[in-house]
Amino acid sequence: LAKTTQPISMDSYEGQEVNITCSHNNIATNDYITWYQQFPSQGPRFIIQGYKTKVTNEVASLFIPADRKSSTLSLPRVSLSDTAVYYCLVGGAGSYQLTFGKGTKLSVIP
Amino acid sequence: NAGVTQTPKFQVLKTGQSMTLQCAQDMNHNSMYWYRQDPGMGLRLIYYSASEGTTDKGEVPNGYNVSRLNKREFSLRLESAAPSQTSVYFCASSRLGQGTSGNTIYFGEGSWLTVV
């Protein structure tokens, strides 16, 4: 299973774009990259998933370079409600033992 | 749409007592999981069930047992609770094995367990 590395914490002001980068140097050919968001006292929830290039949905964008050894979650114009922990996971269709590290704690400042 | 439902939400146990956490999903998912999360930590996998009728150990299985009762339900049992098992427990499910995408996991709201 690919090991991931992401910053422990980040601060941002409201209205700014936030980019959180995750490194996954030993990603396998059939692995996808998935990001989750966790608010205090709640279970993590799926944000976005991608395999290569760029994926965008109503919540975020995910940028994956050609070598796929890293990925960047982009949150446009964050608000206070985006304050949460964000987890980057790497795994494929056969990945049952997905590892959630400590994630990145994003604090949005008014 | 309920998604993943787990009960109870809060429980206080005395050391040595036993209890079962119940989990059910209504998304017709093949796979189910139990995680624990300690303060300031990520989630650690306790047990998982890749499909109905199978269960496997995760990262931290000691002190726990599981039962995949049917496709919908996956329970976690603490036979003799210890203070080290004080934690928040999350049940989850996924459609692993269907399609070619990665494994997207859907979580319940959590069960707060305190062992005194």
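Summarised in this report is the structure supplied together with it. Please read these numbers as outputs of a predicted model, since none were measured by experiment. (Residues numbered from 1 in each chain as written. Chains lettered and ligands numbered in written order. Predicted model: local features only at pLDDT ≥ 70, side-chain atom pairs only at ≥ 80, totals over all residues. Heavy atoms only, no water.)

## Considerations on the state of the cysteines
Thinking step 1. Under the criterion given, the structure shown has two disulfides over all chains.
Thinking step 2. One disulfide bridge connects Cys22 of chain A with Cys88 of chain A, the sulfur atoms lying 2.2 Å from each other. Between Cys22 of chain A and Cys88 of chain A the sulfur-sulfur dihedral comes to about -80°; the bridge is accordingly left-handed. Here Cys88 of chain A lies in strand β8 (residues 84-91) and Cys22 of chain A lies in strand β2 (residues 18-23), a separation of 66 residues in the sequence. Of the two residues, Cys22 of chain A and Cys88 of chain A, neither departs from the other in class, the shared state being buried.
Thinking step 3. At a sulfur-sulfur separation of 1.8 Å, the disulfide partner of Cys23 of chain B is Cys91 of chain B. One quick way to see it: the torsion about the S-S bond of Cys23 of chain B and Cys91 of chain B is about -75°, and its sign makes the bridge left-handed. (Disulfide = S-S within 2.5 Å. Helix = DSSP H or I, 4+ residues; strand = E, 2+ residues; numbered from the N terminus. Buried < 20%, exposed > 50% of the residue type's maximum accessible area, 1.4 Å probe, protein only.)

## Some thoughts on the sheet that holds β2 of chain A
All names here are of chain A.
Thinking step 1. Reading across from one edge, β2-β7-β6-β5 is the order of the four strands in this open sheet, with antiparallel pairing throughout. What marks the edges here is a single partner per strand, and that holds for β2 and β5 (53-56). When the angles between neighbouring strand axes are averaged without regard to direction, this sheet yields 15°. (Pairing = 2+ DSSP bridges. Axes fitted to C-alpha atoms, helices over the stretch in contact; angles between N-to-C directions.)

## Overview of the packing of aromatic side chains
Thinking step 1. Summed over all chains, the structure comprises eight aromatic pairs over all chains.
Thinking step 2. Seen from their ring centres, Tyr36 of chain A and Phe46 of chain A are 6.4 Å apart, and the 80° between their planes marks the pair as edge-to-face. Taken together, the residues span a long stretch of sequence, with Tyr36 of chain A in strand β3 (residues 32-38) and Phe46 of chain A in strand β4 (residues 45-50) at a distance of 10 residues.
Thinking step 3. Given the relative accessible area of 0%, Tyr36 of chain A is considered buried.
Thinking step 4. Residue classification places Phe46 of chain A among the partly exposed positions, given a relative accessible area of 30%.
Thinking step 5. Relative to Trp112 of chain B, the ring of Phe10 of chain B lies with its centre 5.7 Å away and its plane at 40°, an arrangement referred to as tilted. Remark: Trp112 of chain B occurs in strand β11 (residues 111-115) and Phe10 of chain B occurs in strand β2 (residues 10-13); sequence separation between them is 102 residues.
Thinking step 6. Among the residues examined, Phe10 of chain B registers a relative accessible area of 58% and is labelled exposed.
Thinking step 7. Clustering of aromatic rings is evident, with ring pairs tying together Tyr36 and Phe46 of chain A together with Tyr33, Tyr35, Phe90 and Phe107 of chain B.
Thinking step 8. The residue whose ring lies beneath Arg68 of chain A is Tyr51 of chain A, and the NZ or CZ to ring-centre distance is 4.0 Å. (Phe/Tyr/Trp six-rings, centres within 6.5 Å; stacked < 30°, edge-to-face > 60°. Lys NZ or Arg CZ within 6 Å of the ring centre and 35° of its normal.)

Limitation: the analysis is restricted to geometry and does not speak to function.
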